[in-house]
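# Remarks on the overall topology
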Number of protein chains: 2
Amino acid sequence: MKVAVLFSGGKDSALTSILLEPFFEIELVTFGYGHPETHEVAEKAAEALGFPHRAVSFQEDVLEEALRMLLSCGYPKNALNYVHQCALEILAQENKFVADGTKREDRVPMMTPNEVRSLEDRFCVHYIRPLAGYGSKAINILASSYLEFEMLPSEDRPASDFEVGLRQALEARCGPETVTKIFPAHHIHSRVIRRKGFEQKNQR
Amino acid sequence: MKVAVLFSGGKDSALTSILLEPFFEIELVTFGYGHPETHEVAEKAAEALGFPHRAVSFQEDVLEEALRMLLSCGYPKNALNYVHQCALEILAQENKFVADGTKREDRVPMMTPNEVRSLEDRFCVHYIRPLAGYGSKAINILASSYLEFEMLPSEDRPASDFEVGLRQALEARCGPETVTKIFPAHHIHSRVIRRKGFEQKNQR
């Protein structure tokens, strides 16, 4: 059974794929807004993990709608939920199992139980959240057992995730002041450097 | 890292332990109300799965409080939540990781986010729910891949789970009419018969 995993290159989506690996054939999929360089972080992380990886660009109207939401709301929640759901729906069109790295304590992006049911029913897909049953501390213990990763501020574009991409697109459109008005300051993302024990396993 | 998994002998707690197996050392633990024969179903299922298993009897006051809740509420939700939480607290006293087979769509037993945080903080424990991120259909697909199980009505005492045990204790105390008044009719439980591929793996 194959599962398509939404993958940013950060520790959570990396751990998600490691938890699923014994039970599914993994394909990592990274979504972006048409700038090929934003996929590079995820591509390198996927290579370090040893999983096949694919980059997908949203249609232009997804970014336009997300930017409209950012500017009209003044906060990122709705736009992040929107692009997350768009990505899952695109994956759901061609996969029976789709997964992401959203955690028990996450608030954004997060689908409501009704949205989950709607996604699964409309696309005949199973939506899996392996980290939904783990607290942040347990996730950090597991992630540290299997991954070497670093923590970097959003401004360094450390991951190919939805927030980093939206910050970048908003800055290009409206300037850095608008980004600091809408997005939280000092936001930190993780970036996977290495899968522990993976090089040795591959050299056997 | 060792995890203690609440185990009834049914497919959900069995699949829970299979999903955790690649990442943790598993110990299955079955709770009962002092009738050794109620552990037997879980013991046999644990043997079929190939995991170490331990049976624990609640102190008498846990059963008394649960029966009081059943009779005063007239429905099983509060009593089931109470014994579930008692079991997790007992496991949390001697384990760093505790897990159970509660699912995304489960309503009872189910801890609120505040109760989960309280359990984890009071006992310095990580509470893991591997099935929290899976819908029932995905769970059935996975369970059928790894397990042979049968579905039986509660009256046949098919599993060593909290509901089956409480039904039994209530019947002994107040008679079968009280059980049918308080518990839902036609309730079905699963019982694990065999782990697929496990015998071959062990014979290698």
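Residues numbered from 1 in each chain as written. Chains lettered and ligands numbered in written order. Predicted model: local features only at pLDDT ≥ 70, side-chain atom pairs only at ≥ 80, totals over all residues. Heavy atoms only, no water.

### With respect to the relation of the copies chain B and chain A
Rules: Copies are brought into register by a least-squares superposition over C-alpha atoms of residues with pLDDT of at least 70 in both. Any pair of residues with heavy atoms lying within 4.5 Å of one another is described as a contacting pair.
Superposing chain B onto chain A takes a rotation of 180° plus a shift of 0.0 Å along the axis, which leaves an RMSD of 0.0 Å. Taken together, the rotation and translation describe the operation of a two-fold axis. Looking at chain B, 100% of its interface residues are interface residues in chain A too, so the copies touch through the same face.

### Digging into the sheet that holds strand β4 (residues 97–99) of chain A
All names here are of chain A. Convention followed: Whether two strands pair depends on DSSP finding at least two bridges between them. Going along the chain from the N terminus, every DSSP run of H or I of four or more residues is numbered as a helix, and every run of E of two or more is numbered as a strand. Inter-axis angles, ranging from 0 to 180 degrees, are taken between N-to-C directions of lines fitted to C-alpha atoms, where helices are fitted over the stretch in contact.
An order of β3-β2-β1-β4-β5 is seen for the 5 strands of this open sheet, with the pairing classed as parallel. Among the strands making up the open sheet, the edge pair consists of β3 (53–57) and β5 (126–128). Taking each pair of neighbouring strands and ignoring which way they run, the sheet shows an average axis angle of 30°. The pairing of strand β1 (residues 2–6) with strand β2 (residues 25–32) spans 5 bridges and is parallel. In the strand pairing of β2, Ala4 is matched with Glu27. Here helix α4 (residues 77–92) sits on the sheet and contacts β1, β2, β3, β4 and β5; the angle it forms with β1, its principal contact strand, is near 160°.

### Details of the pattern of salt bridges
Residue and element names in this part refer to chain A. So the rule is basically this: Salt bridges are defined as contacts in which a side-chain nitrogen from Lys or Arg sits within 4 Å of a carboxyl oxygen from Asp or Glu. Only protein chains enter the accessibility calculation, which uses a 1.4 Å probe; a residue whose area is less than 20% of its type maximum is buried, one above 50% is exposed, and one in between is partly exposed.
For the structure shown, the criterion picks out 30 salt bridges over all chains. Between Glu21 and Arg195 there is a salt bridge, and its shortest N-O distance comes to 2.5 Å. Separated by 174 residues along the polypeptide, Glu21 in the loop between α1 (11–20) and β2 and Arg195 in strand β7 (residues 188–195) bring together distant segments of the chain. What makes Arg195 buried here is its relative accessible area of 8%. Among the salt bridges present, the one from Arg122 reaches Glu89, with a minimum N-O distance of 3.0 Å.

### Focus on the packing of aromatic side chains
For clarity, the cut-off: Stacked, edge-to-face and tilted are the three classes for Phe, Tyr and Trp ring pairs, Trp counted by its six-membered ring, which pair at centre distances within 6.5 Å; planes under 30 degrees apart are stacked, over 60 edge-to-face, the rest tilted.
Evaluation of the coordinates by the stated rule reveals 10 aromatic pairs over all chains. Aromatic pair Tyr33 of chain B and Phe58 of chain B: ring centres 5.6 Å apart, planes at 35°, arrangement tilted. Placement of the pair is Tyr33 of chain B in the loop between β2 (25–32) and α2 (40–49) and Phe58 of chain B in the loop between β3 (53–57) and α3 (60–73), with a sequence separation of 25 residues. For Tyr33 of chain B, a relative accessible area of 13% gives the class buried. Of the residues examined, Phe58 of chain B reaches a relative accessible area of 7% and is grouped as buried. Feature note: the residues Phe31, Tyr33, Phe58 and Phe162 of chain A constitute an aromatic cluster, connected by ring pairs.

These figures capture arrangement, not role.
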